[in-house]
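One-letter residues, chain by chain:
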Amino acid sequence: MKTEDWLTLSVIYRTKSLSSAAKELFISQPALTIRLQNIEKEVGCQIAIRSNKGLLFTPEGEYLSMQSQKIMDLINETLHHVQGTSDEDIGIIKIVAPSTIAKYFLPALLLQYKKLSPETTFRLEVVNSSEVERAITACKAYCGFVHGDYCENLPRLPLSTMRAYAVCKQPLSLEELKEMPIILHNTSKYTQDNVQLWWDETFHTPMDVRMNVKNLDICLSMVDSGFGAAIVFGDYYMDGHTLHALPLNHPDGTPFTRQLWFAYMEEMEASHCMNSFLKFMKEHSHSPDTGVIRG
């Protein structure tokens, strides 16, 4: 049954009169009679008996009509929220992000927004940075977070410029790093290429890679155990680890950095819920170069 059918039953049941219901629905009484007959054909039973004394609802008609009032109340309540008639932005925001961002960056950020919009729900999927743009353009997510030059074909906001550090169990110099065993972790190809380029232009010797592990947490545990050094971006790794960090620069003296971006689907600007979240993210855009945003 269509929404107008439930509305028709609701009005007829409340007015108990086809003529009064027709006026309220802005249609003629004959047209309303035909509509009611069509509803009866669809449900397979008689809803009301017409007589000179008015309408007498059958037991089935009584039940359907009472349900129609509940259904219309639910429809109106739902539209009330979706159309933004309440002060709160209610909806589900689908996000994609790499595991490092999801673990170290998003909890504080999303918690901060949740305080502003308690009714908003987040649905997060962890993907590689190279997959974020594909997920958004395929409408699997409304927005995403990436490290490096990804999502160039989408609207995006710069959130933070993260400094590169060489981390080790003991203090080290640049010359000592050159001779250290290196532990790599499964980061994006963009980051891998840039780390390799930085190494080549800085040392002009091959990197002595001893391990290539699945994620940053395993990498830092290996560094903490004394297996070698690693190159990471940002300072969030310091939580839970007693590591020494050496800030890295390019040969010309400029800091070796990586950009953190927020990308989103342009069409979602028409959504009340997403527009509110976009406004929040724009307020966090162009943050100072302090290593990583902390809420």
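Residues numbered from 1 in each chain as written. Predicted model: local features only at pLDDT ≥ 70, side-chain atom pairs only at ≥ 80, totals over all residues. Heavy atoms only, no water.

Right, let's get into the packing of helix α1 (residues 3–15) against helix α2 (residues 18–25). For the pair α1 and α2, the least separation of the axes is 8 Å and the interaxial angle reads 135°. Judged on the interaxial angle alone, α2 and α1 are oblique. For the crossing formed where α1 meets α2, the hand is right-handed. Contacts from L7, T8, V11, I12, R14 and T15 of α1 reach α2 at L18, S20, A21, E24 and L25. Of the residues that constitute the contact of α1 with α2, the class distribution is 6 nonpolar, 3 polar and 2 charged. (Axes fitted to C-alpha atoms, helices over the stretch in contact; angles between N-to-C directions. Helix = DSSP H or I, 4+ residues; strand = E, 2+ residues; numbered from the N terminus. Parallel < 35°, antiparallel > 145°, perpendicular 65-115°, else oblique. Left-handed = near helix turned anticlockwise from the far one by under 90°. Contact = heavy atoms within 4.5 Å. Nonpolar A, V, L, I, M, F, W, Y, C, P; charged D, E, K, R; others polar.)

Quick look at the pattern of salt bridges now. Using the criterion set out here, one finds 4 salt bridges in the structure. Between R210 and D208 there is a salt bridge whose closest N-O contact spans 3.0 Å. In this structure D208 comes out as partly exposed when scored by relative accessible area, which is 31%. (Salt bridge = Lys/Arg side-chain N within 4 Å of Asp/Glu carboxyl O. Buried < 20%, exposed > 50% of the residue type's maximum accessible area, 1.4 Å probe, protein only.)

Let's shift gears to the layout of surface pockets. Within this model, the largest pocket holds a volume of roughly 570 Å³. Lining the largest pocket are 30 residues, with T100, H185, N186, T187 and S188 sitting closest to its centre. Elements with a contribution of two residues or more to the lining of the largest pocket: α5 (99–104), α7 (129–137), β7 (182–185), α9 (189–203) and β9 (230–233). Looking at which element gives the most residues to the lining of the largest pocket, the answer is α9, with 5 residues. By residue class, the composition of the lining of the largest pocket is 12 nonpolar, 15 polar and 3 charged. (1 Å grid on protein atoms, 1.4 Å probe; cavity = no way out; pocket = protein on both sides within 12 Å on 5 of 7 lines; lining within 4 Å. Points joined across faces, edges and corners; volume = space filled by probe spheres on them.)

For the rest of this paragraph, the subject is the environment of K70. Inspection of the secondary structure assignment puts K70 in helix α4 (residues 59–82). For the pair K70 and W6, spaced 64 residues apart in the sequence, the C-alpha separation amounts to 9.5 Å.

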